[in-house]
Amino acid sequence: MLNPRFASRALVYTLLAIAVLVVVFPLVWMLGTAVKPNGQILDLNASLWPSHFEWGNIARAWNSAPFGRWTLNSVIFSVGATLGQILTSLLAGYAFAMFDFRGKNILFYALLCGLMVPFSTVIVPVVQILADFHWLNTYQGLIVPNIASALGTFLFRQFFLGAPYQLGEAARIDGASELHVFSSVYVPLARPIIAAFGIIAFLQNWNNFLFPLIVVNTTSMDVLSQGLSVFQNQFSSSYNLIMSAALIVIAPILIVAVAAQRQIIEGITLGAIQ
Amino acid sequence: MWRGVKPTAARRRGGVKQPLVLPYLFIAPAVGLTVLFSLVPLGMLAYRSLFGGGVFATSLSYVGLQNYSNAFANGGTQSLEVTAVYTVGFVILTMGIGLAVALLLNVNVRGAAHLRAPFIIPLVMPSVGTALIWASLFAPQFGFINRILGGLGLHQADFTSTPSLALLMVLTFGVWQFFGENVILYLAALKTLPMDLVEAANVDGAGPWRRFRYIRWPLLRRSTVLIWVITTLTGLQTFTQIYILTNGGPNGSTTTALFYIFNQGFVQFNTGQADAMGVILFLISLFITVVQVGIFGRGARRDA
């Protein structure tokens, strides 16, 4: 006789296992296809899993396109935009939480309205503005439009509203300047939330495809995602090379995701509670 | 969570002197850049949707609503239909699967808590890379799915040239990529439910379905509306997998409103039509957000 408690647990595990399998299988397929020998990709009689692993495919893919340069561009764009988002959001969030000043509400609503404009609906005028600045195909053209983060500003404002104000008072009595109170008293307090917001913002910038696509159109300025889509057009039926290229682009982020899973989950949750 | 209605630290400080210029310096970068790259472009979009001329045109000619009627006549109507079908499918599937997996992870069995990490993987991977995996899974003849169909003696399916299958391919990718976000959000919401209510129902002998339907589901309503807003806006902004997998085809069957804007603005150089569709997509996003938040506000008050 089957224990009903055991049976229901077995059912939960089975369903969860299926869900995890659905998530992970495409990545396994990528790896299997990436290391397939050339003769086995366009052969209907070949087995689905490669008979032996052709690790050289990955080196071949790396050498077929300027992946090094694209990685550098992705790093400059993502790090620049993320640091900018953290800095501007920290400053604005702190000011909205800690100070009273004329026009505060109107300025806050201006930010709120900015949040209501999905960036993708205004891509055409944004590119026109960047063209007026002669910023197309430049790092500043990639980075600067992405620096303001309404989400970051709200998160940090919420955090500083709940931060103990006595800490700042104590420092002020000791003669600390406002700037010092901000940078040495309150910013260190916000470190965990900076980490959670920073990792989510970094991943979003790193994975941003539409924006670089419309701002940059030279191979030397392409970010990794764009480069990968160009690569696909050049090697359209060499599935093993395309999957090797995808592996090159995906693997580093997979490592980041595993290492920072706690902050990522916290960031996703925080991002939804505004 | 913290509430915005708390008095600021400034007010709590009472008589202490407030800095005059510093606050403006602090907010200037965030507000200035938001105005320059969100609000000004929105104004430009609305204004220029009424004028003819190319992307970088120097002289504009007023054409009234001509761009709008051109957009509707040249595939714009179809793109709105595609957007509606895609977004509704996306919302139902990602929210349904997200809630189901969250409920499973929330069951008190050993190790379940560690299993939530895999679900964030598709979410944070570069979507061009994962969309290329999809392309190779769904490829004609040699793709995984067609190899399986062939192995079972079934007809192979051409996902890139059959309109309904192309949309299905794009949708399955969207669901695979995003449902993990809803797993995480629903799981966080489930953790905040008052356990005494759920356990009381347990003691009363209510079955799992009744416990969910009458205890948890009503308590989850606020979270559900919030997740609904986020998911809908995400669905409306789908772009990458369409660009990689179908390029909007065949015959516009996977051209969403956003892809239409991209295509008209940066490939066909019909800037006026792109701007007109931009205005329409903005108004749709705004309308949906306002309606959903309106329902949210009402639901929240009833719960209180």
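These numbers come from a predicted model, not from an experiment. (Residues numbered from 1 in each chain as written. Chains lettered and ligands numbered in written order. Predicted model: local features only at pLDDT ≥ 70, side-chain atom pairs only at ≥ 80, totals over all residues. Heavy atoms only, no water.)

**Observations concerning the layout of surface pockets**
Residues and elements named next belong to chain B.
Point 1. Taken as a whole, the second largest pocket holds about 900 Å³ of empty space.
Point 2. In terms of lining, the second largest pocket is formed by 26 residues, of which the most central are Leu103, Val107, Asn108, Arg211 and Arg216.
Point 3. Looking at the lining of the second largest pocket residue by residue, the class counts come to 15 nonpolar, five polar and six charged. (1 Å grid on protein atoms, 1.4 Å probe; cavity = no way out; pocket = protein on both sides within 12 Å on 5 of 7 lines; lining within 4 Å. Points joined across faces, edges and corners; volume = space filled by probe spheres on them. Nonpolar A, V, L, I, M, F, W, Y, C, P; charged D, E, K, R; others polar.)

**A look at the domain arrangement of chain A**
Point 1. Domain assignment breaks chain A into domain 1 (4–59) and domain 2 (65–234).
Point 2. Inter-centroid distance (C-alpha atoms) of domain 1 of chain A to domain 2 of chain A is 37 Å. (Domains from an automatic or database assignment.)

**Structural notes on the nonpolar core**
Point 1. Residues Phe67(A), Ile214(A), Ile264(A) and Phe119(B) are the most contacted members of the largest nonpolar core, which totals 131 residues.
Point 2. Among the elements that line this core, the one with the most residues is helix H7 (residues 163–191) of chain B, at 16 residues.
Point 3. Sequence-distant contacts of Ile214(A), that is, excluding residues within four places in its chain, are made with Ile123(A), Val127(A), Leu136(A), Phe262(B) and Phe266(B).
Point 4. One finds Tyr94(A), Tyr186(A), Ala196(A) and Phe26(B) within the second-largest nonpolar core, a separate group that totals 38 residues. (Core = buried A, V, L, I, M, F, W, Y, C linked by side-chain atoms within 4.5 Å. Buried < 20%, exposed > 50% of the residue type's maximum accessible area, 1.4 Å probe, protein only. Helix = DSSP H or I, 4+ residues; strand = E, 2+ residues; numbered from the N terminus. Contact = heavy atoms within 4.5 Å.)

**Structural notes on unusual backbone geometry**
Only a minority of non-glycine residues have a phi that is not negative, and only a minority of peptide bonds are not trans.
Point 1. Cis rather than trans, the peptide bond between Gly249(B) and Pro250(B) has omega equal to -10 degrees.
Point 2. Backbone geometry at His134(A) places phi at a positive 60 degrees, although glycine is not the residue there.
Point 3. Examined against the element boundaries, His134(A) turns out to sit in the loop between helix H6 (123–132) and helix H7 (139–143).
Point 4. Non-glycine residue Asn247(B) carries a positive phi angle of around 50 degrees.
Point 5. Take Asn247(B): it is sitting in the loop between helix H11 (240–245) and helix H12 (257–267).
Point 6. Since its relative accessible area comes to 52%, Asn247(B) is described here as exposed.

**Comments concerning the interface of chain B and chain A**
Point 1. With 98 residues of chain B at the interface, the matching set in chain A holds 101 residues.
Point 2. The contact between chain B and chain A buries some 9,100 Å² in all, and 78% of this surface belongs to carbon and sulfur atoms.
Point 3. At the surface where chain B touches chain A, the tally comes to zero salt bridges.
Point 4. Here chain B and chain A share seven residue pairs in polar contact (both at pLDDT 80 or more) between them.
Point 5. A per-element tally of the side of chain B that touches chain A places helix H2 (residues 22–48) of chain B first, with 20 residues.
Point 6. Here the side of chain B that touches chain A is built from residues that sort into 68 nonpolar, 19 polar and eleven charged. (Buried area = accessible area lost by both parts, 1.4 Å probe. Salt bridge = Lys/Arg side-chain N within 4 Å of Asp/Glu carboxyl O. Polar contact = N/O pair within 3.5 Å; in protein donor to acceptor, adjacent residues only side chain to side chain.)

**As for the packing of aromatic side chains**
Point 1. This structure, assessed with the given rule, holds 45 aromatic pairs over all chains.
Point 2. Ring centres of Phe96(A) and Phe101(A) lie 6.1 Å apart, and the angle between their planes is 40 degrees; this geometry places the pair in the tilted category. Here Phe96(A) matches Phe101(A) in class, with each residue buried.
Point 3. Each residue in the set Tyr94(A), Phe99(A), Phe159(A), Phe160(A), Phe182(A), Tyr186(A) and Phe26(B) is aromatic and connected to the rest through ring pairs, giving one cluster.
Point 4. The cationic tip of Arg213(B) hangs over the ring face of Tyr214(B); the distance from NZ or CZ to the ring centre is 5.2 Å. (Phe/Tyr/Trp six-rings, centres within 6.5 Å; stacked < 30°, edge-to-face > 60°. Lys NZ or Arg CZ within 6 Å of the ring centre and 35° of its normal.)

**A closer look at the side chain of Glu181(B)**
Point 1. Mapped onto the elements of the fold, Glu181(B) is located in helix H7.
Point 2. In this view, Glu181(B) contacts Ile268(A), Leu123(B) and Ile230(B); residues no more than four positions away in its chain are not counted.

**What to know about the packing of helix H4 (residues 67–98) of chain A against H2(B)**
Point 1. Direction vectors running N to C along H4(A) and H2(B) enclose 130 degrees, while the axes themselves pass 8 Å from each other. With respect to H2(B), the element H4(A) is oriented oblique. In this structure, H4(A) meets H2(B) at a crossing whose hand is left-handed. Packed against H4(A), whose contacting residues are Thr88(A), Leu91(A), Ala92(A), Tyr94(A), Ala95(A) and Phe96(A), the element H2(B) presents Pro23(B), Phe26(B), Ile27(B), Pro29(B), Ala30(B) and Val31(B) at the interface.
Point 2. Its residues placed into classes, the contact of H4(A) with H2(B) shows eleven nonpolar, one polar and no charged. (Axes fitted to C-alpha atoms, helices over the stretch in contact; angles between N-to-C directions. Parallel < 35°, antiparallel > 145°, perpendicular 65-115°, else oblique. Left-handed = near helix turned anticlockwise from the far one by under 90°.)

**Comments concerning the confidence of the model for chain A**
Point 1. With 98% of its residues at a pLDDT of 70 or more, chain A shows a mean pLDDT of 89.
Point 2. The least confident element of chain A is helix H2 (residues 38–41) of chain A, whose mean pLDDT is 78; the most confident is H4(A), at 96. (pLDDT = per-residue confidence, 0-100.)

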